[in-house]
Amino acid sequence: MALSSDAGRRWVRACALIVAFLALVTVLFAAGGPDSDRIVALTALPLATVAAAAACLWRSRRFTGRARWGWATLAAGLLCWGGGQFQFLLTAGPTIEAGPVTPGLTLIGMAVLVPAGLLILPSRSQPLANRIRSVLDGLMIAASLVLVAWVFVSGLITDARVGLPFYITLLFPLGDIVIATMAAYMLPQQRRRNGCGADLAFFGAGMLAFAISDIGYAYLGLVHDDGVGRLLDLGWLAGYGLIVAGALRPRVPAVTPVDLPAGVRSGAVLLPYLAVLAALASSVLFHISTGHSHPFVAYTRSFLILLIVGRQLLTQLENRDLTRHLEQRVADRTAELYAREQQFHALVQQSSDVVTVVSPEADVIYQSESVQRIFGYPARFLTGRRLTQLLDPESAMRLAQALRQVSGRPHATTVLELTVRHRDGRTRQAEMTITNLLDDPHVRGLVLNTRDISERMELQEQLVHEAYHDSLTQLANRALFRDRTAAALASSGPAVTVLHLDLDGFKRVNDSLGHLAGDQLLVQVADRIRSCVRDTDVVARFGADEFGVLLDEDGSEAVARRILNDLEAPIVAGERQIHVRASIGLANASSIMEASNTGASNTGASNTGASNTEPRLAGSGFGERAEQLMRNADLAMHHAKAAGGGVYAGYRPQMRDGLIERLELESDLRGALERGELRLHYQPTVDLVTHEVVGFEALARWPHPTRGMINPLDFIPIAEATGLIVPLGRWVLQEACRQAVEWSRAAGGRPLKMSVNVSVRQFDQPDLAETVAAVLAETGMPADLLCLEMTESVLMTDTEANLEQLVRLKALGLTLAIDDFGTGYSSLAYLRRFPVDTLKIDRSFVERLGVLADDTALTDTIVRLGKSLGMATVAEGIEEFGQLAALREMGCSYAQGYYFSRPVPAAEAGRLFMEGAPV
């Protein structure tokens, strides 16, 4: 990685100053004489020494730990080394001789401090043995070079006195080479650990520069020659300059480690031995050429032998440690492999899968022990046997076929489900995965992973059963019934008949006896229906109290009669006997075929080429036809229920037409409410004492834009069934109150009683009283002039809840009336309990007045009952004067009927209120 721009520029400037300094010294040496050269050397050398030591100290401040101490030690060593060199220059005269010298500070720096600093520098990947080896290699290379040099210059020093001063002189280049070798050996490791080793490379180059100068001085001392003057001092100065450059070089965060080629690494290892071989060859050459040996050669060879022995001992120690380490690694690896093998073995044996290795012919090569736990067979029982012989014929054939398919494709996989017989004789469902590992040298077979999926299949079957069956009766549900109907239509065609059965009055059982009794009733009804049909027929529960029966042959009416007769017997639920009836609708497949044929006949000549002899089912699929057939049976059931229940009815196409018309009418009614198309007509109520119109009954009318006036008997039941009666009732109440207030003001404040009908669905609304109160407040209608009329069914259903509603309404101050009184099942107790003010005598009693004595007596009884309870009576449906006269004689309070006026629009009703009805 490149240096940062600022740090790099500073380092380049420092290098330029070093080069300029060396160039200046070189010029001064070249231009001056011996005396001036000596002065220049004595001046420049201390400067260079201090600069190198200061640079090393500066670099030590950039590190922590061992790196800081290593560079600080190098700085101390360089100061000592430079001090010794300065001392040498001071003691040396104009000529250089190998005379007595005082090594002093130089040897301390060279032999102790600088090597120690290099050894202190951290190198995680280089152990201490490697560092000692680098010292030994350096000594071997240096000693070998000295010996080679001795041999080649031996002719110059044959007369010289070779003693201790000479050997001390040789120590300097020897130490330089050793330190440079140490730096060279440390450089790859330092670069690999710290990312960059440029500082160490510059330091080693500086040591080589020192070696060149020290070798030059040793040589000049031997030959007593000062021809080169002080130029050798440039080597020292250049060495210090290189060390300064390396120490000042900025740290690089990361550099890609240099991976030396294998040949270079091998050459570095063999380099000391090559140097020793060169030295030994030189000594042999010296002995041959001179005929005798020299003590220096003998000492040097002995020293080299000691170094080689030391290096071999070190190598032996390393090899022993390496061998011990390798043995430990092998042992650890072996233990790890054994542990993994045991783990794999345990996993295979305890696995939910049975692992089997077979040949392409299904011969068992290997069988895991888990087969005994899962299928009951010992592994040794299966090993060597042919697996297909242990399966049933169908499973064996499928397995053999799968093995043949997989064998031809290496590493291919296939999955199949087989029936495997447990050793105890049970039949188990198994899922087998076959993998082709014939080409794998460790397996050489087809691997079968088999697992027992019997419980999963049972659970799946259970879930499927629950998804298609009723949880209470265990009968088929609507989804399964639809599928079976579609299948029957596909196979049996016109013979298919669907019965749709609905219990009459089941809600009363739940409300009075509780849901537990209702559930017991449904279970027994399901059992009775099943007993009335064949085992091949399908019985289903659609939900609540609705059931379905699917027949695929004629005789559906007989089945329906049999079910109705069987249900006539009481059903015991707990300690009670419950009598239940049912309404049954029948729909035959021929009903949807007739519709299809009718559509086909209307296509004219376009279908002349088609055969008309075979009936064709309607719809695009049997599922849709099944839905249509079930809807037809549902329609027929509703017609049977409308007929009073306890009977069966067959489907007729007119029923479907009526349903469509009902749906269209429902949609139109919803739109009419949103657009405000409904109108109110008012029928007057006449006081039979004063003959005045005292009030009106508001009646909803629907002038349909295309059908004309719709009969209330047609759209009011639809509103009741769909819930539209709630918004319709609020609109009627608000409009009637508004109109009553308007008429009363027009008549000068004359009071006007307004009656509005309230349905059972409105009583189900918890906010009915709040709605009435809001309408009274909005319109300004006095509460005592509003009468809410309800049928007797309000008193008979949800008695407590409706009583609470009536009490809340009565608290508003309005009056309450029972409409069509005498046609229901009201008891005297209900009349006394509920806060009712008025009884409206049904028209069926009024129209027979004077014709049947019993009806006349009954009407008179109702009038007397109302008087005794403090209630007013209103007679409905008066059409003749005789009826009016009879009611007057009975003492009836009020009357309504065509004799006075039909229900009329608001304008005409207002005129009647102002002018009075003709009596």
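Residues numbered from 1 in each chain as written. Predicted model: local features only at pLDDT ≥ 70, side-chain atom pairs only at ≥ 80, totals over all residues. Heavy atoms only, no water.

Observations regarding the packing of helix α2 (residues 34–60) against helix α8 (residues 233–248)
Between α2 and α8, the shortest axis-to-axis distance is 8 Å and the interhelical angle comes to 20°. Regarding the angle of α2 to α8, the classification is roughly parallel. Judged by the sense of rotation from one axis to the other, the crossing of α2 with α8 is left-handed. Between α2 and α8, the residues in contact are A41, A44, L45, A48, T49, A51, A52, A55, C56, W58 and R59 and D233, W236, L237, Y240, I243, V244, G246, A247 and L248, respectively. (Axes fitted to C-alpha atoms, helices over the stretch in contact; angles between N-to-C directions. Helix = DSSP H or I, 4+ residues; strand = E, 2+ residues; numbered from the N terminus. Parallel < 35°, antiparallel > 145°, perpendicular 65-115°, else oblique. Left-handed = near helix turned anticlockwise from the far one by under 90°. Contact = heavy atoms within 4.5 Å.)

So, the sheet that holds strand β4 (residues 427–437)
As summarised here, the arrangement of the five strands in space is β2-β1-β5-β4-β3, forming an open sheet in which the pairing is antiparallel. A strand with exactly one partner marks an edge of an open sheet, and here the two such strands are β2 (364–367) and β3 (413–421). Neighbour to neighbour, the strand axes of the sheet diverge by 25° on average, direction disregarded. Along the sheet, helix α13 (residues 393–407) contacts β1 (353–358), β3, β4 and β5 (445–452); its crossing angle with β3, the most-contacted strand, is approximately 160°. Taken strand by strand, helix α14 (residues 454–467) contacts β3, β4 and β5, and its axis lies near 120° from that of β4. (Pairing = 2+ DSSP bridges.)

Notes on the sheet that holds strand β8 (residues 546–551)
In space, the five strands of this open sheet follow the order β7-β8-β6-β11-β12, with mixed pairing throughout. Looking at which strands have only one partner, the edges of the open sheet turn out to be β7 (538–543) and β12 (648–650). Going across the sheet, the axis of each strand differs from the next one's by a mean of 20°, ignoring polarity. One ladder, built from five bridges, connects β7 with β8; its direction is antiparallel. Looking across to β8, one finds that V539 is bridged to V549. On the sheet, helix α15 (residues 478–491) packs against β6 (497–504), β7 and β8 and is oriented at approximately 20° with respect to β8.

Quick word on the confidence of the model for the protein chain
Fine structural detail should not be taken from predicted coordinates in areas where pLDDT scores are low. Mean pLDDT over the protein chain stands at 80; residues scoring 70 or higher make up 82%. Low confidence marks residues 94–101, where pLDDT is under 50. Its contacts with residues over four positions away, or in another chain, come to 14 contacts. Across residues 597–620, confidence stays below pLDDT 50; counting only partners more than four residues off in sequence or on other chains, it has 20 contacts. (pLDDT = per-residue confidence, 0-100.)

Points about empty space enclosed by the protein
One pass over the full model with this rule turns up one cavity of 30 Å³ or more. The volume enclosed by the largest cavity comes to roughly 210 Å³. What lines the largest cavity is a set of 15 residues, and nearest its centre among them are F375, L382, L387, L391 and V420. Listed by contribution, the elements that provide at least two residues to the lining of the largest cavity are β1, α11 (370–375), β3 and β5. Of the residues in the lining of the largest cavity, the class split is 11 nonpolar, three polar and one charged. (1 Å grid on protein atoms, 1.4 Å probe; cavity = no way out; pocket = protein on both sides within 12 Å on 5 of 7 lines; lining within 4 Å. Points joined across faces, edges and corners; volume = space filled by probe spheres on them. Nonpolar A, V, L, I, M, F, W, Y, C, P; charged D, E, K, R; others polar.)

Quick word on the layout of surface pockets
The volume enclosed by the largest pocket comes to roughly 1,100 Å³. L699, P712, I716, N757 and D819 are the residues nearest the centre of the largest pocket, which is lined by 35 residues in total. Taken together, the elements giving at least two residues each to the lining of the largest pocket come down to β14 (693–704), α22 (712–722), α23 (725–746), β16 (753–757), α24 (760–763), β17 (786–790) and β18 (815–821). Per-class residue counts for the lining of the largest pocket are 16 nonpolar, nine polar and 10 charged.

Concerning the environment of T859
Looking at where T859 falls in the secondary structure, it is placed in helix α30 (residues 853–868). Separated by 18 residues in sequence, T859 and I841 place their C-alpha atoms 7.5 Å apart. The contact partners of T859, leaving out residues within four places of it in the chain, are I841, F845, L849, L887 and M890.

Let's talk about helix α16 (residues 506–513)
Inspection of α16 places F506, V509 and N510 among the buried residues, and these make up the whole buried set. Looking straight down α16, one finds that the buried residues subtend no more than 95° of arc, so they occupy a single side. Exposed residues on α16 whose side chains face more than 90 degrees from its buried face are K507, R508, D511 and S512. At its buried positions, α16 is contacted by β6, α17 (515–531) and β10 (576–578). (Buried < 20%, exposed > 50% of the residue type's maximum accessible area, 1.4 Å probe, protein only. Arc of directions from axis to C-beta.)

Some points on the nonpolar core
Judged by nonpolar contacts, the single largest core of 75 residues is most densely connected at F696, M754, V756, V772, L786, L788 and L887. For this core, the element with the most residues is α23, which contributes nine residues. Excluding its chain neighbours within four sequence positions, the residues that come into contact with L786 are L733, C737, M754, V756, V772, L776, M781, L814 and T815. One finds A52, A53, L234 and I243 within the second-largest nonpolar core, a separate group that totals 57 residues. (Core = buried A, V, L, I, M, F, W, Y, C linked by side-chain atoms within 4.5 Å.)

What about the pattern of salt bridges?
In this structure the tally under the stated criterion is 27 salt bridges. One salt bridge connects D504 with K641, and the closest N-O pair in it is separated by 2.5 Å. Within this pair, whereas D504 is found in strand β6, its partner K641 is found in helix α20 (residues 622–642), the two being separated by 137 residues in sequence. Taking the shortest distance from any N to any O, the salt bridge between E915 and R911 comes out at 3.2 Å. With E915 and R911 both in helix α32 (residues 906–915) and four residues apart, the pair spans about one turn of that helix. Judged by relative accessible area, E915 falls into the exposed class, the value being 58%. Relative accessible area serves as the criterion here: at 40%, R911 is assigned to the partly exposed category. Shared partners join several salt bridges into a network, and the residues in it are E697, E789, K840 and E876. (Salt bridge = Lys/Arg side-chain N within 4 Å of Asp/Glu carboxyl O.)

A word on the environment of V364
Within the secondary structure, V364 sits in strand β2. Residues V364 and T388, spaced 24 residues apart in sequence, show a C-alpha to C-alpha distance of 9.9 Å. Leaving out residues up to four positions away in the same chain, V364 has contacts with T356, V357, V358, L382, T383, G384, R385 and L387.

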